[in-house]
Amino acid sequence: MMSEDLIASLLYRDGLMLVVNKPAGIPVHRGPKGGANLEDGFDSLRFGLPRPPALAHRLDRDTSGCLVLGRHRKALAKLGLLFKQGKIDKTYWAVVEGGPTEVDGLIDLPLGRLDATRGWWMKVDPLGAPSQTVWRVMGRDAELCWLALSPLTGRTHQLRVHCAAMGWPILGDAVYGSVGKSEASMHLHARAISIPISANKPPIAVEAPVPFHMREALQRCGWGGEVAANTVCAEA
């Protein structure tokens, strides 16, 4: 992303952290083969501080939405602890193929690495790490279902593997989805995040607008559209 695009993607800013609206299709950091990535543009987000912000967590290359950055070391340490302790509430929107028959539920399936040659690819593994996802149906049509997903744990590819294991893979997931569906961009969006960064203040709640590539499928499932979110700035 160009510096001006990254600044325009800003959803929240205060003295401790930033939340940007990550686009789908770009990794958050440089991989072993190099290439375009979000982190290379963070210098444009210093806003007067001596160092650029840094990632407080990760989103997959093809996942869009709320991405949290810490503005300095103390903030990063605090955010890292909050993420580790599960105190940060995250809500993802996904469009899945098929969908559950119930209106809500809990997926409780441990996850482990698929094999050493597949990098970060994961699978359901009885001997893997405990992994839980709360889900709720937001709308549907004859072929697709719009879900709100809240991960209670933070495993790699958790939402993608959990949905696929339940028989309703995320639309456009080229790794865990249905054969022949990979031409669509992945329909997984980090819609909202709530961060209790200050002990004496309410959590910071941030919402990312729906990306263009998900709007048609969401409308099929009953989504009525929205007004684009404005950047919220607290203390600089």
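Scroll up to find the structure.
The text that follows walks through the structure, step by step, so that each part is easy to find. Everything quoted here is computed from the prediction, not taken from an experiment. (Residues numbered from 1 in each chain as written. Predicted model: local features only at pLDDT ≥ 70, side-chain atom pairs only at ≥ 80, totals over all residues. Heavy atoms only, no water.)

**A closer look at the overall build of the protein**
Secondary structure summary: the protein contains four helices and 13 strands in total. Dimensions of the protein, computed from C-alpha atoms along their principal axes, come out at roughly 50 × 40 × 40 Å. Evaluated residue by residue, the protein yields a buried proportion of 43% over its 236 residues. For the protein, the accessible area works out to roughly 12200 Å², and carbon and sulfur atoms hold 53% of it. (Helix = DSSP H or I, 4+ residues; strand = E, 2+ residues; numbered from the N terminus. Buried < 20%, exposed > 50% of the residue type's maximum accessible area, 1.4 Å probe, protein only. Areas by Shrake-Rupley, 256 points an atom, 1.4 Å probe, with all protein chains shown as cover.)

**Describing the environment of Pro-209**
With respect to the helices and strands, the residue Pro-209 is situated in the loop between strand S12 (204–207) and helix H4 (212–220). Assessed through its relative accessible area of 17%, Pro-209 is described here as buried. C-alpha of Pro-209 to C-alpha of Leu-67: the two residues are 142 residues apart in sequence and 13 Å apart in space.

**Looking at the packing of aromatic side chains**
Scanning the model with the defined rule gives two aromatic pairs in all. Here Trp-135 and Trp-168 contribute two aromatic rings whose centre-to-centre distance is 5.6 Å and whose plane-to-plane angle is 65°, an arrangement assigned as edge-to-face. Pair noted here: Trp-135 is in strand S9 (residues 132–140) and Trp-168 is in the loop between helix H3 (158–165) and strand S11 (188–195), with a separation of 33 residues, a long-range link. With relative accessibility at 5%, the residue Trp-168 sits in the buried group. Seen from the ring of Phe-47, Arg-13 lies directly overhead, with NZ or CZ sitting 4.2 Å from the centre. (Phe/Tyr/Trp six-rings, centres within 6.5 Å; stacked < 30°, edge-to-face > 60°. Lys NZ or Arg CZ within 6 Å of the ring centre and 35° of its normal.)

**With respect to the pattern of salt bridges**
Scanning all chains against the criterion turns up seven salt bridges. Between Arg-160 and Asp-173 there is a salt bridge whose closest N-O contact spans 2.8 Å. Taken together, the residues span a long stretch of sequence, with Arg-160 in helix H3 and Asp-173 in the loop between H3 and S11 at a distance of 13 residues. A relative accessible area of 8% means that Arg-160 is categorised as buried. (Salt bridge = Lys/Arg side-chain N within 4 Å of Asp/Glu carboxyl O.)

**Considering the environment of His-72**
Within the secondary structure, His-72 is located in the loop between strand S4 (64–70) and helix H2 (73–84). Linking His-72 and Arg-46, residues 26 residues apart in sequence, is a C-alpha distance of 9.7 Å. Not counting residues up to four positions away in its chain, the partners in contact with His-72 are Gly-15 and Leu-16. (Contact = heavy atoms within 4.5 Å.)

**Brief notes about H3**
Burial within H3 is extensive, with six of its eight residues counted as buried. By the burial criterion, the buried members of H3 are Gln-158, Leu-159, Arg-160, Val-161, His-162 and Cys-163. Immediately downstream of H3, the backbone of Gly-167 shows phi near 95°, a positive value.

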